[in-house]
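# Coordinate analysis (summary)
Listed here are the chains, written in short residue letters.
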Amino acid sequence: MTDHEKEILDKIKQSTEKTPVPESLAPDQIMKMLEEHNSTQASEHIPKKHGFSRGHRMRGGLIAAALVLVVGIGAHIRQQNLSSDSATSSTKGSFSIGTSSGKLASSDTLETATDYDEVYTYLQSYQDELDSSSVTGSTDGGIVMYSTKTADNGARTDSSSSSSDSSTASARAVDTSFSDTNVRTESVGEADIVKTDGSYLYTLKANSQEISIVDIRSDQMKVVSGISLNENFQASEFYLSDQKLFVLGNMQNTQVDSDSKTLYRGSCTRIQTYDLTDINNPKSIGTVDQSGYYRTSRFKDGYLYVFSDYYIYDTITKKDYPSYVPLVGDNLLKQSDIYLPTNHAADQYLVVSSVSASSPDKAADQKAVMSENGEVYVSENNIYIYEYANSSILADNLAAKNQTILRKLSYNKGKLSGSAQGKVKGYLNDSFSIDEYDNTLRLVTTVTHNVGSSSQSNAVYVLDANLKTIGKIEDLAKNEQIYSARFLGDTGYFVTYEQTDPLFSVDFSDPENPKILGKLKIPGFSEYLHFYSDNLLLGIGMDTDENGITNGVKISMFDISDPSDVKEVSKYTLDQYYYSDVFSDYRAALVDPEKNLIGFPLSGSANQYVILSYDKDQGFQVQMQEEVNGNSYLGTRGVYANEKFYVINGNAIEAYRMGDYVKIDDLLL
């Protein structure tokens, strides 16, 4: 399930609390429906990519069906509760919807609240403006996404494990040659659904409530123990570091009413930590909760940085601070920890907390930024929250809508501090379209020119440390949009697409005067770019013909030794496959140039996992292409350890010998 889908389901839950739900609409049934539709792209509020003329399945219809079911039993959900594009243009504490000036985030500093009354005014004014607009409806009706009785947190020991095996960290360190999660920023760790330390596999099961620990030191895999989470805790992903497992996800808050019915009372984000010193008996050693639905996280220098979306749905009361001020742990955020951007309003927060790996029972620091469904990019030193201001509520002026608002927070050893805000024209494709380098921020965006039309172009921007534009190139690749981007030192690369795939190279050596170095046009497009060496750039995307009809998943290798003359030196098309999880989640890719290994899952007539190698003379060679067993909406991962390769999907693990990729074992959890 994508983050966007989770947000939609959570919004349905949080906006309906009093009506019992039919059994067919219980959470486990909804999750089952999602599992049966596990090959899709996330729905986005930015303009859609096109070119998938056959064989490309979307999840949007499933979510729409869920919404129809809700409406069918009398749920009247407010429009702004379901829209990811609700925002306003304002001055601090005073809101003006649809202003002709079209100004947004005109201040270059992030201001904090002086008191909770100011926070209340900010939120209530926004709500008043929405209530006075055309938005109508009632939040009294609806369904209840219920759950059953609460179970204790705790670890479990699998019956097949040996009680005499008391492995320690040193005993587990059989081989340091094992893969790690593919990350956006080098040296900044990311959570995932599968991890390995070279001796054990740690995998989140399909029910999202159990993590299995599997011994992989021999050819025969064996489950030695696992972790069973609270029945109301749905894990999204986890980290593995220094004999600790850090589990992140959403904790459902429930309450039993006078009729003994369990009512849903919203969710919070949970960070639960387990000690793995005794691999047979993991122990919970710390829990931190924070307001909002889990969005993402990062890990650096011994600290977790956790992001959650906290929506304000219910009626708020001025002196009832918990009704509208986020919590981290048991404490309300201080006024000085809440950032209220000067000219941008919203009815939700992006809550950010830090937790020390050595003290996982409390937060080290916390902040909250008012945000309109903002996305997150984390560099080595800073956090950038960016959101596309594209809403009819926001402003009448196209210029006000068609821009990305940026907020910058610095982070260091657990400490968080807001430092700047700014804006650029257009929207970002994803976090690879924004990159910090040498105290500047480089961005590539797609800009819409006319309301309700497909007229658009692309732009390059360079911002200084205060998020002021110091360099730009505009009006690039008209009527195309950016599909992927990657930056390396002073050079950036980005792919646009209409019917062919122009790969642009940009020189950023003079930040105030960025220059287009070259443009290579080839059929199809690359959804994901990954540097394979200093002179080679790998692209994974779709092969299309001159009419935009897709022929299959395409892998390209580009020679970038001369950025002004980029060449596609090799390509390979996987026929009858029309999607890969890599297109929406880069963590699904395993790219290791040292081992000459390129692995990722495929979707089409069947779900498969493919491994390729690359040789400058022979090009791409398929080393393995095997069907994936398992049907989990969580996705498929490939990892290697001890010269064995493992393909994991939900409760199914398959092991292959690296080199010839002969299957040597499988395991059903």
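Just above, that's the structure.
Everything numeric in this text was worked out from a predicted model, so none of it was measured. In every chain, residue numbers begin from 1 and rise along the written sequence. Since the coordinates come from a predicted model, pLDDT governs what is reported: local features require at least 70, and pairs of side-chain atoms require 80 or more to be given and counted, while whole-chain, interface and lining totals use all residues. In computing side-chain values, all of the structure's heavy atoms are included and hydrogens and water are not.

Only runs of H or I of at least four residues qualify as helices and only runs of E of at least two qualify as strands under DSSP, and these elements are numbered from the N terminus. The topology assignment puts Leu590 in strand β37 (residues 590–592). Using a 1.4 Å probe on the protein chains alone, a residue whose accessible area is under 20% of its type maximum counts as buried, one over 50% counts as exposed, and one in between counts as partly exposed. When its relative accessible area of 7% is taken as the criterion, Leu590 is described as buried. Taking the C-alpha atoms as reference, Leu590 lies 6.3 Å from Phe600; in sequence the two are ten residues apart. Apart from the residues lying within four places of it in its own chain, the contact partners of Leu590 are Ser179, Leu597, Ile598, Gly599, Tyr609, Gly638, Val639, Tyr640 and Phe645. Note on definitions: a residue-residue contact is assigned when non-hydrogen atoms from the two residues lie within 4.5 Å.

Under the pairing criterion, centres of Phe, Tyr and Trp rings, with the six-membered ring standing for Trp, must be within 6.5 Å; the plane angle then separates stacked pairs below 30 degrees from edge-to-face pairs above 60, leaving the rest tilted. By the definition in use, this model includes 20 aromatic pairs. Consider the rings of Tyr493 and Phe531, whose centres lie 6.2 Å apart with planes at 70°: the pair is edge-to-face. Note that Tyr493 is positioned in strand β29 (residues 491–497) and Phe531 in strand β32 (residues 525–533), a separation of 38 residues in sequence. You can call Phe531 buried: its relative accessible area is 16%. Taken together through their ring pairs, the aromatic side chains of Tyr116, Tyr120, Tyr321 and Tyr324 make up a single cluster. We note Arg270 situated over the ring of Phe233; from NZ or CZ to the ring centre the distance is 5.9 Å. Note on geometry: a ring has a charge over it if NZ (lysine) or CZ (arginine) is within 6 Å of the ring centre and within 35 degrees of the ring normal.

Here, nonpolar core means buried Ala, Val, Leu, Ile, Met, Phe, Trp, Tyr and Cys residues that are tied together by side-chain atoms lying within 4.5 Å of each other. Ranked by size, the top nonpolar core spans 41 residues in total, and within it Leu538, Val553, Phe558, Leu574, Phe600 and Phe620 carry the most contacts. The set of elements that each furnish at least two residues to this core consists of β29, β31 (515–523), β32, β33 (536–544), β34 (550–559), β36 (577–579), β38 (597–604) and β39 (608–615). Setting aside chain neighbours within four positions, we find Phe600 in contact with Ile540, Val553, Ile555, Leu574, Ser580, Val582, Ala588, Ala589, Gln608, Tyr609, Val610 and Leu612. With 34 residues, the next largest nonpolar core counts Tyr200, Val214, Val224 and Ala235 among its residues.

Another aspect to go through is the pattern of salt bridges. By convention in these notes, a salt bridge is any Lys or Arg side-chain nitrogen within 4 Å of a carboxyl oxygen on Asp or Glu. Applying the stated criterion across every chain yields a total of 26 salt bridges. Put simply, Asp192, Glu237, Asp585, Arg587 and Arg637 are held in one network by salt bridges that share partners.

Of note, Ser632 is situated in the loop between β40 (619–627) and β41 (636–641). Polar side-chain contacts of Ser632 include one of 3.0 Å to the backbone nitrogen of Leu634. Here a polar contact is recorded for every N or O atom pair within 3.5 Å, except that within protein the pair must consist of a potential hydrogen donor and a potential acceptor, and residues adjacent in sequence are included only if both atoms are side-chain atoms.

Pairing between two strands is assigned when DSSP locates at least 2 bridges connecting them. Here four strands make up an open sheet; going across it, the order is β32-β33-β34-β35 and the pairing antiparallel. Taken across any chain shown, the strands that pair with only one partner, and hence form the sheet edges, are β32 and β35 (567–575). Pairs of neighbouring strands in the sheet enclose a mean axial angle of 20°, with direction left out of account. The sheet contact formed by β32 and β33 spans seven bridges and is antiparallel. When the sheet's bridge partners are listed, Ser533 is paired in β33 with Leu536. Helix axes use the C-alpha atoms of the stretch in contact, all axes being lines fitted to C-alpha atoms, and the angles between their N-to-C directions lie in the range 0 to 180 degrees.

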